[in-house]
Amino acid sequence: MSSAARSLYVFGIYAIVVGAGLLLTPNLVLNALGFPPAPDGWVRVVGALAFFVGIYHTTAARNEFLPYIRVSVLARVGFAAILTTLVAFAQMPKPTLLLPAAEFVAAVWTWFALRASAVEPAHATAG
């Protein structure tokens, strides 16, 4: 597995774990992030989405699907920016910043891995 694929695979596992936590024990996860208990099922919907996005990530990584790996960098940075903006405008509690921090760090890891693989010298065999 390439380093770019590996970085997305690891992030996919993270998304699966967080998604499963929000789906199965939402109030435990919400409490850790500084949120009040969830009065309805929307947090479980978000958990299901995160869980299945994690499955997309791990599947794309295992199959070295480069277009998906590339676009995941932009999507994760965008998602991190939106969450950070929501915290900045007091729409989300400050501990929520753990989520965009993880998104951003993982996206940067993938970006650097993609750049490194793009500039690796080809090992030409002279004939």
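Residues numbered from 1 in each chain as written. Predicted model: local features only at pLDDT ≥ 70, side-chain atom pairs only at ≥ 80, totals over all residues. Heavy atoms only, no water.

*Asks:* Sorry, what's going on with unusual backbone geometry here?
*Replies:* Most peptide bonds are trans, and most residues other than glycine sit at a negative phi. Residue Glu64 is not a glycine yet carries a positive backbone phi of 50°. Structurally, the position occupied by Glu64 is in the loop between helix H3 (42–62) and helix H4 (66–88). Glu64 gets classed as partly exposed once you look at its relative accessible area, which sits at 35%. One non-glycine residue with positive phi stands out, namely Ala90, at about 60°. (Helix = DSSP H or I, 4+ residues; strand = E, 2+ residues; numbered from the N terminus. Buried < 20%, exposed > 50% of the residue type's maximum accessible area, 1.4 Å probe, protein only.)

*Asks:* Is there a simple way to explain the packing of aromatic side chains in this structure?
*Replies:* Counting across every chain of the model gives three aromatic pairs. Note on Phe11 and Tyr14: the rings are 5.3 Å apart at their centroids and 40° apart in plane angle, and the pair reads as tilted. A residue pair is termed a helical-turn pair when its members lie 3 or 4 positions apart in one helix, as Phe11 and Tyr14 do in helix H1 (residues 3–24) at three residues. Relative accessible area serves as the criterion here: at 5%, Phe11 is assigned to the buried category. (Phe/Tyr/Trp six-rings, centres within 6.5 Å; stacked < 30°, edge-to-face > 60°.)

*Asks:* Explanation requested: the packing of H1 against H3 in the structure shown.
*Replies:* Helix packing geometry: the angle between the two helix axes and the distance between the axes. Where H1 meets H3, the axes come as close as 7 Å, and the angle between the chain directions of the two elements is 160°. Taken as axis vectors, H1 and H3 run roughly antiparallel relative to one another. You can see that H1 and H3 cross each other, and the crossing is left-handed. Looking at the contact of H1 with H3, its residues break down into 19 nonpolar, six polar and two charged. (Axes fitted to C-alpha atoms, helices over the stretch in contact; angles between N-to-C directions. Parallel < 35°, antiparallel > 145°, perpendicular 65-115°, else oblique. Left-handed = near helix turned anticlockwise from the far one by under 90°. Nonpolar A, V, L, I, M, F, W, Y, C, P; charged D, E, K, R; others polar.)

*Asks:* Before we go on, may I ask you to explain the nonpolar core in this structure?
*Replies:* Most often, soluble globular proteins have nonpolar side chains that are buried together. Among the nonpolar cores identified, the biggest contains ten residues, and these are Ala4, Ala5, Leu8, Ala60, Ala61, Ile69, Val73, Ala107, Ala113 and Leu114. Every element with two or more residues in this core is listed here: H1, H3, H4 and helix H5 (98–119). Those residues in contact with Ala61 that lie beyond four places of it in its chain are Met1, Ala5, Leu8 and Tyr9. (Core = buried A, V, L, I, M, F, W, Y, C linked by side-chain atoms within 4.5 Å. Contact = heavy atoms within 4.5 Å.)

*Asks:* Would you mind going over H3 with me for this structure?
*Replies:* Because each turn of an α-helix spans 3.6 residues, side chains separated by three or four positions in sequence point in the same direction. With 21 residues, H3 should cover 30 Å at 1.5 Å per step; its first-to-last C-alpha distance of 30 Å lies within 8% of that length. Within H3, the full set of buried residues consists of Val43, Gly47, Gly54, His57, Thr58, Ala60 and Ala61. The arc that holds the buried residues of H3, viewed along the axis, is 160°, so those residues lie on one side. Turned more than 90 degrees away from the buried face of H3 sit Trp42, Leu49 and Tyr56, all of them exposed. Lining the buried residues of H3 we find H1, helix H2 (26–32) and H4. Count one or two residues on from H3 and you reach Glu64, which has phi positive near 50°. (Expected span 1.5 Å × (residues − 1). Arc of directions from axis to C-beta.)

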